[in-house]
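Remarks on the overall topology
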Amino acid sequence: MSGKDFVEKDYYKVLGVPKDVTATEIKKTYRKLAREFHPDANKGDAKAEERFKDISEAYDVLSDEKRRKEYDEARSLFANGGFRAGGPGTGNYSFDFGDLFSGSQGGSGGIGDVFGGLFNRGGRQAQPRRGADVETEVTLSFEEAVDGATVPLRMTSQAPCRVCNGTGAKSGTTPRVCPTCVGAGTVSRGQGAFALSEPCKDCKGRGMIVDDPCADCHGSGRASSARTMQVRIPAGVQDAQRIRLKGKGAQGERGGQPGDLYVTVHVDAHPVFGRKGDNLTVTVPVTFPEAALGGTIEVPTLGGPAVKLKLPPGSANGLTMRARGKGATRKDGTRGDLLVTVEVVVPQHVTGDALSALEQYREATASDDPRAALFRAAKGA
């Protein structure tokens, strides 16, 4: 992306958000739009694919606090596309800063290049450009999140054109060195005692000129690339966690390093088990006799055999016990615990011998008022 594009494109309009939007809202809006226009959901729809690229480009800038600030300042400062200044005895001159911020995109010709030639009028070779970071999402089952999983991810990003191998030139031809910048990608312009370096207008900072462009990439040397990769999601990953996979993003240019891949993980709920950090949770119903008299109860585990826990006599509703080593896998390979919460079940219908036994129990415990302490405390207050 050129600096001119960086300044002229209205990324807020692309995402449909106001300029004072929060980072959280930017992320939420991006996710919604990315799902709607993702190539996988719009196979063969070129407009949707182009819209997806614009959305990803806008999010790439606005989601980064530093780049968003730089973008806002650039849009404000260079809203008219240029900068005018003058010097004693030289008169006014016009200087196009359209590509001033291209350095922020990983290439040459950025703000450092503008002042880099202040005391050195020589050109400089075009620098390698790092590939763009890529964001995607994946949904795991509860079990996969606990134990880890290898999942296929289909990625769409910019990569060197396969037809011309990134040269931008038609097969059988080669680009020629730009005669204006002699392959440097930048030119220096003197103004009095100063020299300002800016991206070459003839080659747009590439250092090469394509006379017969590739029909596929139209001379840009870049093309949309779709690939499927197998990605290992580590055990114990949390819902909404963002994982960074270094070097798995878009390929770089001119020998530049590839970008990174950021995967946001969504975890489906489980009908029985819950999660609290490295521990799993489960609620186990027990009968009133079990809670009152105590005993041994069986408790299910995730993906393994049931365990037996000793329930102490007089166990209250909501008591939590611990089955060690039956939780989620930690980063060091050990496992958390299974937290077992007791839920005393009250029978809805009591008949026959059970009813007689409960009535006898009520008579035998009539003098034991469980609310007596409550009333004493209330009166004391």
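Just so it is clear, the structure is predicted and the values come from calculations on it, not from any experiment.

1. Side note on the pairing of strand β17 (residues 338–344)
- The sheet contact formed by strand β13 (residues 279–286) and β17 spans seven bridges and is parallel. Opposite Val286, over in β17, you have Val344 as the bridge partner.
- Pairing of strand β16 (residues 320–323) with β17, which is carried by four bridges, proceeds in the antiparallel orientation. For Thr320, the partnering residue across the bridge sits in β17 and is Thr341.

2. Quick look at the environment of Arg75
- As for its placement among the helices and strands, Arg75 is situated in helix α5 (residues 65–77).
- We classify Arg75 as partly exposed; its relative accessible area is 25%.
- Along the backbone, Arg75 and Asp10 are 65 residues apart, and their C-alpha atoms lie at a distance of 8.8 Å.

3. Structural notes on the packing of helix α3 (residues 23–37) against helix α4 (residues 46–62)
- Between α3 and α4, whose axes approach to 9 Å, the crossing angle comes to 165°. If you check the angle between α3 and α4, you find them roughly antiparallel. α4 is crossed by α3, and the crossing has left-handed handedness. In this structure, α3 contributes Ile26, Lys27, Tyr30, Leu33, Ala34 and Phe37 to the contact, and α4 contributes Ala48, Arg51, Phe52, Ile55, Ser56, Tyr59 and Leu62.
- Classifying every residue of the contact of α3 with α4 by side-chain character gives 10 nonpolar, one polar and two charged.

4. Some remarks on the confidence of the model for the protein chain
- The predicted model of the protein chain has a mean per-residue pLDDT of 78, with 79% of residues at 70 or higher.
- Here helix α6 (residues 111–116) is the element of the protein chain with the lowest mean pLDDT, 37, and β16 is the one with the highest, 96.
- For the stretch residues 80–126, pLDDT sits under 50, and the model shows 101 contacts to residues farther than four places along the chain or on other chains.

5. Re the nonpolar core
- The biggest cluster of nonpolar side chains holds 39 residues, and the ones touching the most others in it are Ile233, Val265 and Val299.
- Contact partners of Val265, with chain neighbours within four places excluded, come to Val138, Leu140, Ile233, Val237, Gln238, Asp239, Ala240, Gln241 and Ile243.

6. Structural notes on unusual backbone geometry
- Even without a glycine there, the phi angle at Ala240 is positive, about 75°.
- Here Ala240 shows up in the loop between β9 (222–233) and β10 (242–245).
- Classification of Ala240 as partly exposed rests on a relative accessible area of 43%.

7. Notes on the environment of Ala23
- The topology assignment puts Ala23 in helix α3.
- Take Ala23: its relative accessible area is 59%, and that puts it in the exposed class.

8. Here we look at the sheet that holds β16
- Strand order in the open sheet made by the four strands is β12-β13-β17-β16, with mixed pairing throughout. Each of the sheet's edge strands pairs with one partner strand only, and the pair in question is β12 (274–276) and β16. With direction set aside, neighbouring strand axes in the sheet form an average angle of 35°.

9. Regarding the pattern of salt bridges
- Tallied over the full model, the rule gives 13 salt bridges.
- With a shortest N-O distance of 2.9 Å, Arg130 and Asp133 are connected by a salt bridge.
- With a relative accessible area of 28%, Asp133 lands in the partly exposed category.
- Asp278 is paired through a salt bridge with Arg330; the nearest N and O atoms lie 3.5 Å apart. Remark: Arg330 occurs in the loop between β16 and β17 and Asp278 occurs in the loop between β12 and β13; sequence separation between them is 52 residues.

Thresholds, definitions, all that
- Here, residues in each chain are numbered from 1, in the same order as that chain's written sequence.
- For a predicted model such as this one, the threshold for reporting local features is a pLDDT of at least 70, and the threshold for listing and counting side-chain atom pairs is 80 or more; totals across whole chains, interfaces and linings nevertheless cover every residue.
- Think of the side-chain values as coming from all heavy atoms in the structure, minus any hydrogens and water.
- Note on pairing: two strands pair once DSSP finds at least 2 bridges between them.
- What counts as a helix is a DSSP run of H or I of at least four residues, what counts as a strand is a run of E of at least two, and both are numbered from the N terminus.
- Exposed residues in this analysis have more than 50% of their type's maximum accessible area, buried residues have under 20%, and partly exposed residues fall in between, with area computed by a 1.4 Å probe over protein chains only.
- Fitting a line to C-alpha atoms yields each axis, with helices limited to the stretch in contact; the angle taken between N-to-C directions then spans 0 to 180 degrees.
- For classification, angles of less than 35 degrees are called roughly parallel, those exceeding 145 degrees roughly antiparallel, those between 65 and 115 degrees roughly perpendicular, and all remaining angles oblique.
- Crossing handedness is read from the near helix: turned anticlockwise from the far helix by less than a right angle, it gives a left-handed crossing, and turned clockwise, a right-handed one.
- In what follows, residue pairs with any heavy atoms lying within 4.5 Å of each other are defined as contacts.
- In the scheme used here, Gly and all other residues not listed as nonpolar or charged are polar, with Ala, Val, Leu, Ile, Met, Phe, Trp, Tyr, Cys and Pro taken as nonpolar and Asp, Glu, Lys and Arg as charged.
- Within a predicted model, pLDDT stands for the predictor's per-residue confidence, ranging from 0 to 100.
- Among buried residues, the Ala, Val, Leu, Ile, Met, Phe, Trp, Tyr and Cys ones that are joined through side-chain atoms within 4.5 Å form a nonpolar core.
- Any Lys or Arg side-chain nitrogen located within 4 Å of an Asp or Glu carboxyl oxygen qualifies as a salt bridge.

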